[in-house]
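Remarks on the overall topology
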Amino acid sequence: MKKIMPLLCSFLLCAQFLLSQTFEDPNRPLIHFTPKEHWMNDPNGMVFYNGVYHLFFQYYPGASVWGPMHWGHATSKDLVNWEEQPIALYPDKLGYIFSGSAVVDKNNTSGFGSTKKPPLVAIFTQHDTAGERAHTKTFQNQSIAYSTNGGKTWVKYKNNPVLKNPGDEDFRDPKVMWYADGNEWMMTLAVKDHVEFYSSPNLKDWTKQGEFGKGIGAHGGVWECPDLISFDDNGKKVWVLIVSINPGGPNGGSATQYFVGNFDGKTFTPFNDKIKWIDYGPDDYAGVTWSNTDDRKIFLGWMSNWAYGQLVPTSAWRSAMTIPRNLNLVHVGDEIYVTSKPVVELNVLTGKAQAIPNLIVYKKYDLTPDLVNAPRSFKLDFTVKDAKSFAVKLSNEKNERLLVGYNEAKKEFYINRGATGNADFQQDFAKERSAPRISTAENIHTTLVADASSVELFADDGLTVMTEIFFPTSPFDLIQLTSDEPVTINNLIYSPLKPMKK
Ligand code: FRU
């Protein structure tokens with residue numbers, strides 16, 4: 001037996017390795033973070049500390065559907081190569097660990113560390129299912145935990161919860177930032193149909209300052225996962241309040257709206273009541289920004305939708321995050337908008353790029369023969385002269401296809417996943433979705449980031465963004481440009497993207 005055991009063990013290990021190789025899902029993203037296994041939703045606790053980007057996430061390690069929520073954990077030094085870490089926070093007697101944020105407590109206001117070795121403090125909702133079942137209305141409360149080893153391990157505060165629910169069924173997703181104007185911490189909390197602002201000197205004692213949102217903006221569903229950030233707009237401070245809603249998105253299900261305006265430490269005052277969306281596609285939800293990145297605002301969302309997130313045809317893993325995006329402000333006429341662009345760090349993954357300076361596309365132009373070995377993940381940059389209609393078509397030999405394009409007559413961008421393969425898990429999944437063109441520029445600068453089962457369209461330098469997932473039954477390895485009328489495409493650059501190191 002003694003002799004057989006090592007043999008048996010190596011056989012089993014070998015078999016396990018072969019199985020994981022053989023059954024690796026071809027739809028698993030190569031350049032987007034996915035947990036090795038099981039269910040993931042919202043990004044949480046995103047904080048940059050000592051050269052490391054931390055990404056925590058809503059995680060259920062027990063199955064590939066939503067369940068008792070933990071905070072999973074991944075780290076990266078460059079925002080594109082992610083390494084999964086052990087689970088950071090487990091549910092306890094106060095409840096599941098729902099969404100929240102993390103900050104570097106540089107002045108040790110919490111007393112959990114020292115100014116020399118500042119603690120990281122996570123602020124999150126605890127969701128008590130027993131209270132929910134008993135219809136208490138007070139089953140969501142805010143708790144904190146701290147780490148004194150750079151985010152590796154976390155200790156929950158002994159006097160949790162630090163912010164008790166006054167009787168609102170939906171009372172969650174605290175996003176905390178250092179509010180320098182008031183020399184205090186500021187929490188933005190989602191409360192059903194509005195956000196509430198709470199201030200604190202030490203992350204432990206919280207006082208309500210004000211609220212915003214009733215009757216303003218989109219209200220097709222409950223408000224979740226807010227984020228309040230500021231930008232320097234030509235020397236003037238401008239605030240942006242990001243709020244996810246589910247359902248009620250512009251293309252059905254979950255989506256993320258934003259408001260541009262002023263914040264005075266008590267309430268937020270938008271410049272107007274125009275509804276704006278960070279991403280018009282159906283697959284970018286609960287996105288927020290990293291904390292402790294100074295003036296740089298880096299945003300990342302959950303690349304799925306509550307309408308079908310638990311039904312998508314992946315089994316070992318379920319859900320990916322979007323590519324991290326840099327947020328900036330841009331003026332169009334009298335309006336201020338937020339633009340999103342893939343972080344420049346994506347270049348870390350770029351293989352040998354190929355450029356086609358001038359191209360006239362009429363009917364179809366097959367890019368594939370120009371490309372050395374079209375991989376499953378790539379970036380395509382190009383300019384469409386005179387904002388004419390065009391489309392990029394990704395397809396396979398079975399004629400399963402995805403179209404990403406622009407309709408000049410309607411002044412709309414669109415993504416059509418009507419015939420992308422496996423789509424019968426939900427009735428509304430397979431259709432075309434559109435987004436308005438906001439820019440008035442003569443030409444359309446476009447960046448497309450494609451992965452095995454997702455596409456992210458950053459049109460007009462990120463003014464109109466659409467993210468969609470899809471599930472072909474064999475990989476899309478044909479790339480074509482199409483147009484019914486002749487259209488000039490300038491400065492096309494095709495950049496293959498290498499899979500992230502795991
Ligand atoms: C958003 C959300 C949050 C909540 C979490 C639970 O997707 O519903 O409001 O904290 O997911 O997993």
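The structure we're discussing is the one just above.
Throughout what follows, the structure given in this document is the object of discussion. None of the values given here were measured: they were computed from a predicted structure. (Residues numbered from 1 in each chain as written. Predicted model: local features only at pLDDT ≥ 70, side-chain atom pairs only at ≥ 80, totals over all residues. Heavy atoms only, no water.)

With eight of its eight residues buried, strand β10 (residues 184-191) lies for the most part within the structure. Of the two faces of β10, both are covered, the one formed by Glu184, Met186, Thr188 and Ala190 as well as the one formed by Trp185, Met187, Leu189 and Val191. With six bridges connecting them, strand β9 (residues 172-179) and β10 associate as antiparallel partners. Along β10, the bridge assignment pairs arginine 172 with alanine 190. Note that β10 and strand β11 (residues 194-200) share seven bridges and pair antiparallel. When the bridges of β11 are listed, methionine 187 appears paired with tyrosine 198. Following β10, the chain reverses through two residues before pairing antiparallel with β11; lysine 192 in that reversal takes a positive phi of roughly 60°. (Buried < 20%, exposed > 50% of the residue type's maximum accessible area, 1.4 Å probe, protein only. Helix = DSSP H or I, 4+ residues; strand = E, 2+ residues; numbered from the N terminus. Pairing = 2+ DSSP bridges.)

Here we take up the sheet that holds strand β8 (residues 155-156). Strand order in the open sheet formed by four strands is β5-β6-β7-β8, with antiparallel pairing between adjacent strands. Single-partner strands in this sheet number two, and they are β5 (96-104) and β8. As paired elements, β5 and strand β6 (residues 120-127) share seven bridges and run antiparallel to each other. Within β6, the residue paired with alanine 102 across the bridge is alanine 122.

In this structure the tally under the stated criterion is five cavities of 30 Å³ or more. Lining the largest cavity are Pro29, Met303, Ser304, Val312, Thr314, Trp317, Ser319, Ala320, Ser453, Ser454, Ile469 and Phe471. Counted by class, the lining of the largest cavity contains seven nonpolar, five polar and no charged residues. Domain assignment of the residues forming the lining of the largest cavity places at least three in each of domain 1 (27-342) and domain 2 (350-496). (1 Å grid on protein atoms, 1.4 Å probe; cavity = no way out; pocket = protein on both sides within 12 Å on 5 of 7 lines; lining within 4 Å. Points joined across faces, edges and corners; volume = space filled by probe spheres on them. Nonpolar A, V, L, I, M, F, W, Y, C, P; charged D, E, K, R; others polar. Domains from an automatic or database assignment.)

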